Every structure is written in structure tokens, then in C-alpha cells.
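# A look at the structure
This is what each chain is made of:
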Amino acid sequence: SRCFLCLWVPYTARRLAASLAQARPRPAMSDGEASGDEFDYSPAAAPLPDGIQKEILVSPKDSWKKPKAGDELTVHYVGSLEDGTQFDSSRDRGEPIKFTIGQGQVIKGWELGIATMTKGETSKLTIQPEYAYGEAGSEPTIPPNAVLIFEVELIGILSKDDLFGDDGCVKSTIKEGSASWSHPSKGSEVSMSLKATAEGDTVVEDRFEIDYVIGSADLGEDLGRVIDKALKEMSKDEVCSLKCTKDYVYKGKGHGAVNIELTLHEIYNTSDVSMLKDGTVMKKTVKDGEGHDRPEDGFDVVLRVNTATDASGAAIPGFSGPKELSFRCCEGDVCDVIEGASRDMKRGEHCLVTCVVPWKVQEPKLGLGEVDLPKVVLGLEMISFSKGKEMWSRTNEDKVELALDRKDCAAKLFKNKRFEMALDKYKKVVETIGSHDQFHDELKKGCAELKRTVELNKAACYLQLNDPTSALASCNIVLREDRNNLKALFRRAKAHHARTEHTEAAGDLERLIELEPGNDEAKKLLPHVKRAQKIADKASKNTFAKMCEGFGSIDFEHKKKKEEPKPVEPEEPKQNPNTVMVSFKIEHKPEEGESVHVVGGADELGKWDATKSVAMTKLPMPFIPPTGSGKPPVEHHYWEGVVELPQELGRIEYQYLIRGPKGDRQEEGSRHKCDLSGMGGSRVRCSDSWRGAGA
């Protein structure tokens, strides 16, 4: 028995099927189609036309992937006519068939119908003749204009992608990943394995579970380009095959065509876990944890510290681990590095935490109390943690109670000089309360006062952390509601002073002393501020004086310089005393291709021969400033010609001539006259108007 589906389809039909399979939007799910809990990240399938009806018989669980053009599909099918006569079955042959979708290898009804199926799905496709074998049929088994009914099971989808669109590297998915929505990008660090095999099964390269940064070019230019492109389309635990043509990778090495098996084991997620998000403590996840939950402030955490190394990877002397630590999250029981990393970890997660500030990693419980290295890397593992009530389930009173507890904890941290953790805790107080507009009046009033107190304490933390700008912002929040708040005025004055804004600082301190004459701190700080202002004024005065002196010296130096002798300009050639330079000038607006000439009785003017007349030059349009009337300025089109004539000619006559594509047009009426007698060695200007018609 032969397969009636894998028949030749004309090229145009193949293109139409491929276009339909990719271009149209995905149809809504039928009643029997499983939706699952995950998003469908496969390409949108085309809606089925009226000539194809689909009924889902078996819908797989947790299956979302649908085929796209170019994928190799494996299917089982049973084909029947409307009267139930079976004409073909891969099940009877005991072997499924394989074909590439979108290339016209099967009938159009299959191209469109199977494009809507997910892997593992079994469906019934009822296909009208125009999407099957049409009027011709496929005798003797399929009659003309036959409606075909197929029971199709989509067993497998081997995804194939031409990575660069040049057929040089084709990616085929061997094993699907476990998190299809997550892909690495440029700069991501991953754990991968690759095995490159040349023709004849010769192993060119075999690397197992190596750490690699996408875009780093550690694999070389050609191989790195291919691996980077493939990794960006892969998900965790995915295995794929990369078939590369000759010299596409390992160029010039003589390996010929190369096949690369690539496995993506892990995508390392890197995050900033420092309290200030300043990049001083960075966490890299090397093994993902379970679920989505993470520890909360004030609840118990059990965490194991497995390693402590320096920048070279050598163990730090004195480290007492591996060791489990039990503590309450973000209450200052352990060093800042462990506090920050632990609240960002899932249960069972393994990570490497890199710290570049020595005091943040000093932890006596681990034998690291005196560590003073430029970089320390801790290997951490989250064992367990407890959780409290979700914030959404807490009453307003519960939220305020939690906020007060966090405020008290922040005060203890500040007292113990854990300023970064104290600031982080104060921020969480504000987040805990959130918007209190819906609270009852008494609770609302208490929350407003609590927020003011927290802003003042945040300002104190910012000042300790040498961030006067943020301290200024917190003080301004308080002073907008309470302009006479003494603590806010004093801390804002300190912030201004730190920003060298001494005038503003003095103003805040003077106002504070006016409100509270006995404030010793303000009285003590004010003289320092005024002294700093005097020093700043003096420095500005000196700078200004030097600037003025510099400007003065520029002019002085200029005067001191000896005047350089001006270059001797060549003398203009003296005009012949027996000739006159005559300048002829007339106004005329030319048409396309026209020019103005002057002709006269002298030999130099052509002796009234138009073909020997003197061509004139069109002068640039003179600038006329605009007027307030809004009318456009009048246009002027002047032409000028200069001719040297002997003065002995005495009185000369001349006329103007227009030459152009339409022929010559000469002035009418009396001729222009010019007397050259006694004008030798000088210039004569003849400014004329056109005489007669034709200009």
C-alpha cells in the first residue's frame, strides 16, 4: 500500500500552503481543545477555511507546541471516504510517516489542519475536494470530488530553523526544554555542553557542562556566532542539533560539513542583592530553587554557607564552613551579604554571591570576622524558611502593627550602625502601610504621623551613607506638610551643607534657632556653615579676579605685540590713458535660454552685427529688506557688460539686443549715445532702459 498523501503538488500551491500556514492569526480553541496553564509560545496557526472541519478526539495535557513551516512532523493516520471505505492507513503498515510541513509534500487539507494541532493530539479532519484531490481524484482508490476523512495523531515535531537565513546552519530540536518561555540573551551566563562532529564521525570538539557568557567570543568568531544565535532561541534542558555547511564553522580547518549537538543545562540568573542596589553584592543562581516563594522580613531562615573564596578561587583562611546558619531574615543577625542574598533565594536554590566591599562580608560565625579582601565569593544554599500571612490577607490594623514592628527593628539597626539595612527597613515600613486613604480617621492620622517619622529617619540614614541629595528629598516631604518641623529643618540644613549649599543651610539653621532658641546643635553648626560660606565666597572672588586679570592680559599682550607689516598688495595695472572703460547696464527679466547683448558702430561693439555683439552678464538679485505690508518685494534683473573703447571714437551710438531660442529682439526707436571725448584713462557708466517693445 502506498501513501496517498505524499504526492507532488505544484510550486504555486506549495507557496500558498506555506503562506497560509504562517500568515494568518491563530484561531480560537475549540470546545474540546485543552488550554493548559501555560501560554502558547508556538507560531500562530491559520484559521481553518470552510472546506476543512476539525474535531479533537484526544487532547494531550500540558501540551502547547504547534508545528510551524519547516518543521519535520511524525504522524499516524487512517484515511476514509464518506461512506466509511478506508483507502489508506499508516497504522496498518505499523510505521508512522514523516514529512516537512509548509513545503507542499502533502495535500493542502493536511497542511492547514495539522498546523492547528499540538504535539500528542489526535483529531478528525474532514476535508472537502478542493483541499484534497479535487475533480481529478486519485484513481482507483479515491474517486473524483471525494470528501476525505482522516484520523490523525501528531506524534512528534522536530523543529527546524535556518538560523541565519542562508542555509548555512539549520537548527533541529532534539529535546524540548523545561521552561520554554525563558531564553538567555546577550550577556547571559549559561552552563552548556557541545559536541562537534565532522564528516566521517570525527569528533572535532567535545566540551561538557562549561560556563559560557553569550557574546563573549570565547569560542572564536565563527563558532561563537553560531552558538550564540542558537542559545538565544533555547530554553533550559533543551538539546538541539546544528547542521553547518562546509567552512561555516572551523573555517579553513578542513573538517567539511560539521554537526554540533548543543545542550543548554542552566541559565544563570544574576541579580543585585545589595541593600542599596549599588552593585557591591551580586548573586548568580547556579541551581534554581523550588516554586516562587522567598523569605520574608522577620521570619526564620536556615541557610548553608558551603564555600568562601577569594577572587582567584582559593579558600579564605579561617573559614569554618560548610556551615548552616539559622536567623531571622533582615533583622541584622548575620552580615549584609547573607542578609541580602537570602531574601532573594528560593527553597533549594544554590547560588554564588560576590562581594567587593570587605565589611559587608565580615561574619564571625563563619570565621570571617576579620576578612579584608577586595573580592569575596560565598557559595550559598537555601535549606528552608517560614512564611507569614500574605499582605493582601492582612487587615488594616495588622498592616499598621507590622509597620510599627519594622520601624522598631530599623531603629535597632541604626543604633548598631547597620545604616544600609536600617534604610531598607524604613522603606519597607512605607510599603507596608501603602495608601491609607481608606483607613478610619484615627488609624489614618496615626499612619500619616508614622510616615513623617519614617521620612525623617530615612534622611538620617541617607546622611550617614553620604547621600545628601536623597536626605534633602526626604526632608522636603516632611516640610511640605509641617513647615516648622525642627528635625526636618536641621537635617535639611546638614544636607545643604554637605552639598556646599551654605546659604540655604544657614537659612534653615537660623529659622530653626528662631523656632527653638535653645537648640544647641543648630547653634553649634551655624558658625561652621557661615565659615564655609566665607571660604567659598573668598575662593569665588579670587577665581573671578584671576579671570578678569586674564582677560586684561589678553588685550595687554595684544598691544605689546609689534605690529606686523601689512603685506604689500600688488598695484592695479594702470589703465591706458587713450582708452575708456565703458560699463553698459540695463534691466531685463529673461526667459528660458535668453541673454542680453550690446551692439554698436565701433569695432569693439560688433559694428551693428548681431552675431558679433558683446554678451552681458546677469548680476545677482539685490537684497531688499521686507516691508510691513506683507507684499513681496519687487524683483530686479540687471545685466552688465564692460568694454574698453578708444577715446578717439568720440560720440558713439549703441543699442541692446536680446538673443535666445526664439530669435533676436533688438531695441526700437532712437539709439543710445555716449560721448568718450576727453575721457581717456577713466570709466564711464551707461545705465539705460529698454526702448520700444519686445523686452
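First things first, this report covers the structure right here in the doc. All values derive from a computational prediction rather than experimental measurement.

## Notes on the packing of aromatic side chains
Under the counting rule described, the total for this entry stands at 9 aromatic pairs. A centroid spacing of 5.9 Å and a plane angle of 45 degrees characterise the contact between F99 and W110, whose relative ring orientation is tilted. Highlighted residues: F99 in strand β4 (residues 97–100) and W110 in helix α3 (residues 108–114), separated in sequence by 11 residues. For the pair F164 and Y248, a centre-to-centre distance of 6.2 Å together with 45 degrees between the ring planes defines the contact as tilted. Residue F164 is located in the loop between β7 (160–162) and β8 (169–175), and its partner Y248 is located in the loop between β11 (239–244) and β12 (258–268); the two are separated by 84 residues in the primary sequence. According to the relative accessible area criterion, F164 is partly exposed, its value standing at 26%. Overall, the relative accessible area of 16% leaves Y248 in the buried class. An aromatic cluster is built from Y77, F87, F99, W110 and F150, whose rings are joined through pairwise contacts. The cationic tip of K284 hangs over the ring face of Y268; the distance from NZ or CZ to the ring centre is 4.9 Å. The aromatic ring of F385 is capped on one face by R347, whose charged end is 4.3 Å from the ring centroid.

## Section: the side chain of T74
Among the structural elements, T74 can be located in strand β2 (residues 72–81). Residues in contact with T74, not counting those within four places in the same chain, are P96, I97, K98, E153, L154, I155 and G156.

## Some remarks on unusual backbone geometry
Note that the residue after E139, namely P140, is joined by a cis bond; omega there is 5 degrees. As for its position among the elements, P140 is in the loop between β5 (122–127) and β6 (148–158). A cis amide bond, omega 0 degrees, links G321 with the succeeding residue P322. Unlike most non-glycine residues, D237 shows phi in positive territory, near 75 degrees. The residue D237 is located in the loop between α4 (221–231) and β11 in this model. With a relative accessible area of 30%, D237 lands in the partly exposed category.

## Describing the environment of V356
Secondary-structure assignment places V356 in the loop between β17 (350–355) and β18 (376–385). Note on V356: relative accessible area 40%, which makes it partly exposed. Between the C-alpha atom of V356 and that of V376, which follows or precedes it by 20 residues, the distance is 6.6 Å. Beyond its immediate sequence surroundings of up to four residues, V356 is in contact with T280, P374 and K375.

Here is what the cut-offs are and how they apply
Residues numbered from 1 in each chain as written. Predicted model: local features only at pLDDT ≥ 70, side-chain atom pairs only at ≥ 80, totals over all residues. Heavy atoms only, no water. Phe/Tyr/Trp six-rings, centres within 6.5 Å; stacked < 30°, edge-to-face > 60°. Helix = DSSP H or I, 4+ residues; strand = E, 2+ residues; numbered from the N terminus. Buried < 20%, exposed > 50% of the residue type's maximum accessible area, 1.4 Å probe, protein only. Lys NZ or Arg CZ within 6 Å of the ring centre and 35° of its normal. Contact = heavy atoms within 4.5 Å.

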